[in-house]
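Notes for the structure review
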Amino acid sequence: MSVQPYEGRKAKSGTPKEPPCAGPDDLNGFDPVLALGDPGSFPFTRGIHRTMYGGRLWTMRQFAGFGSADDTNQRFKYLLSHGQTGLSTAFDLPTLMGRDSDDPLSLGEVGRCGVAISSLADMRRLFVGINLAEVSTSMTINAPAAILLAFYICVAEEQGVSPDKLRGTLQNDILKEFHAQNEYVFPPRPSVNLVIDTIEYCTHHMPQWNTVSISGYHIREAGATAAQELAFTLADGVCYTKKSIERGLDVDAFAQRLSFFFDVHNDFFEEIAKLRASRRIWSKLMRDRFHAQQERSWMLRMHCQTAGVTLTEQQPMNNLIRVAYQALAAVLGGTQSLHTNSMDETLALPSELAAKLALRTQQILAHETHVTQAVDPLGGSYFVEKMTNEIEEEAWAILDEIDAMGGVLAAVDRGYFRRCITESAQAEQRRIDQGEQKVVGVTDFVEKGPVDIPILQITQETEDVQVAGLKELKRTRDAGRHAAALDRLREDARKGVNVMPALIDAAKADATVGEMMDTMKGVFGAYDGGPEW
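Note that the structure is a prediction, hence the values are computed from the model and not measured.

**Section: the overall build of the protein chain**
Helix and strand counts for the protein chain come out as 21 helices and nine strands. Against the compact-globule benchmark of 24 Å for 533 residues, the protein chain has a radius of gyration of 23 Å, which places it among compact chains. Oriented by its inertia axes, the alpha-carbon framework of the protein chain measures out at about 85 × 60 × 50 Å. Across the 533 residues of the protein chain, 58% fall into the buried class.

Below, the structure is given as structure tokens:
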């Protein structure tokens, strides 16, 4: 029987006449000992743990946040009561941009796409009744990440929990904001210095805290290919590592608390190959470029989220199936933590029912499919190994290109990332427009009629109550203590010393997110979006 030679991932741009069938010739020179190793061993292609999910399931961490701190606190408790094993906090747009809820530019957006947090008082209400010593918390926040971390430390202290007992993850990846998501405030270099401040502080005081979740998710959602997502993310990891070492930190002291965040799309095998390749490349970077001595420093630990950009408004129930397949790919790729999107996310923030179904998707995967009973079950597949090799090779070429430009910050200055992502997004849209790529319910199998699922509504009352509470806080706080705390923050930022202690003091003095950001902006400056390309 003759078979079509495997055409690699280029087959995506057109439908081959016959399905490709990979074979031994596609793995010329393949050495399973060097390329794969054993599970839990360098280069960790097969996973970072010897027994993987046989020893411990992945963390089921659903991204949640809407309305007020009280609203989201109730959703957190609801998810925990239904078996969720970690918290993940979604902040609203004003908070993400470092603005207070009563800022004129915030009005109309308060609590709409996440929870509104402007002060330590808000953060306290967000976690009331939740013991921070017993839960792992992720916070998706970037430009003001250091401030939200300061709030979290203060709430824990009020609960009697010391920083060294806290477990969780701060996304804190400002570089991908310059590449893809645009939620930046300060210019790139002081922004990265602020990230290094948190890495330095946590290395000394919070040994169980993941300091940066180096994120490919938003890069991919903006239109990057799988290989670009992988390479750009690892390049950002290289930048943070290099800057931390330049700060004087021992690579083995902080590298183990760097984590990664990947998007999982519909191209099932490509996504699995991407995750396997990510571990292989990072282990080589850490061992061979940065000379990390400890094996744990070579391990790439990842959180995965199913792809929001693949969800459709049309026939939203179809999104349940998309998410289930993507979640399966993430697990077969060896993720440590997973968020499954809710079916209604193209229409609104998730309803309680949709959020529960998304969590149940993970629970069925974990407890009914038996996929947890084998480690890297696709390891050794000609097709998967070939694809893993191809993505690795493509990612290394991109990393070399970034190095040749002088590194990530120099590439940001040249608009390199934005240009690459836009070109890839345009190519993807052309494939859809030309009928080469089908989207069920959108380009094909279309149905007419209104969407008929319950939608979560955020009312104007939420914003009104949040703004009124914030104005009352500003009116009644200790003005002298507040002013002194912001003066210290301004002076520390100007001197170039680590600002985390000053941010914690300011949080305790009821300084708000917007006030602390404005104080630092007065020293660091603001960023206008970089060069046109």
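**Some points on the environment of leucine 93**
Inspection of the secondary structure puts leucine 93 in helix H3 (residues 93-96). On the basis of relative accessibility, which here comes to 31%, the residue leucine 93 falls in the partly exposed class. Along the backbone, leucine 93 and cysteine 113 are 20 residues apart, and their C-alpha atoms lie at a distance of 6.5 Å. With residues near it in sequence (within four places) discarded, leucine 93 still touches Glu109, Cys113 and Glu183.

**Structural notes on the nonpolar core**
Residues Met123, Phe151, Leu503 and Met520 are the most contacted members of the largest nonpolar core, which totals 139 residues. Those residues in contact with phenylalanine 151 that sit more than four places away from it in its chain are Ile117, Ser118, Ser119, Leu120, Met123, Ala507, Ala511, Val513 and Met516.

**Let's talk about the state of the cysteines**
Inspection of the entire model under this criterion finds zero disulfides. For the unlinked cysteine cysteine 239, the closest cysteine sulfur is that of cysteine 420, found at 17 Å.

**Looking at the side chain of glutamate 271**
On the secondary structure map, glutamate 271 appears in helix H11 (residues 268-289). Beyond its immediate sequence surroundings of up to four residues, glutamate 271 is in contact with Arg220, Ala226, Asp263, Val264, His265 and Ala329.

**Examining the pattern of salt bridges**
Pairing between side chains becomes possible if they bear opposite charge and their charged atoms approach one another. Per the counting criterion, the structure on display carries 34 salt bridges. Aspartate 122 is paired through a salt bridge with arginine 125; the nearest N and O atoms lie 2.9 Å apart. In this pair, aspartate 122 and arginine 125 both sit in helix H4 (residues 120-126), three residues apart, roughly one turn of the helix. Note on arginine 125: relative accessible area 28%, which makes it partly exposed. For lysine 274, the salt bridge goes to glutamate 229, with nearest N and O atoms at 2.6 Å. In this pair, lysine 274 sits in helix H11 while glutamate 229 sits in helix H9 (residues 226-247), placing the two residues 45 residues apart along the sequence. For the pair lysine 274 and glutamate 229, a shared accessibility class is recorded, and that class is buried. Within this structure, Arg220, Glu229, Glu270, Glu271 and Lys274 form a network of salt bridges that share partners.

**Examining the pairing of strand E6 (residues 212-215)**
Burial of the side chains of E6 extends over both faces: Val212 and Ile214 are buried on one face and Ser213 and Ser215 on the other. Judged from the four bridges that link them, E6 and strand E7 (residues 258-264) form a sheet pairing that is parallel. Opposite isoleucine 214, over in E7, you have phenylalanine 260 as the bridge partner.

Each value, and the rule that gives it
Residues numbered from 1 in each chain as written. Predicted model: local features only at pLDDT ≥ 70, side-chain atom pairs only at ≥ 80, totals over all residues. Heavy atoms only, no water. Helix = DSSP H or I, 4+ residues; strand = E, 2+ residues; numbered from the N terminus. Rg over C-alpha atoms; globule rule 2.2 N^0.38 Å. Buried < 20%, exposed > 50% of the residue type's maximum accessible area, 1.4 Å probe, protein only. Contact = heavy atoms within 4.5 Å. Core = buried A, V, L, I, M, F, W, Y, C linked by side-chain atoms within 4.5 Å. Disulfide = S-S within 2.5 Å. Salt bridge = Lys/Arg side-chain N within 4 Å of Asp/Glu carboxyl O. Pairing = 2+ DSSP bridges.

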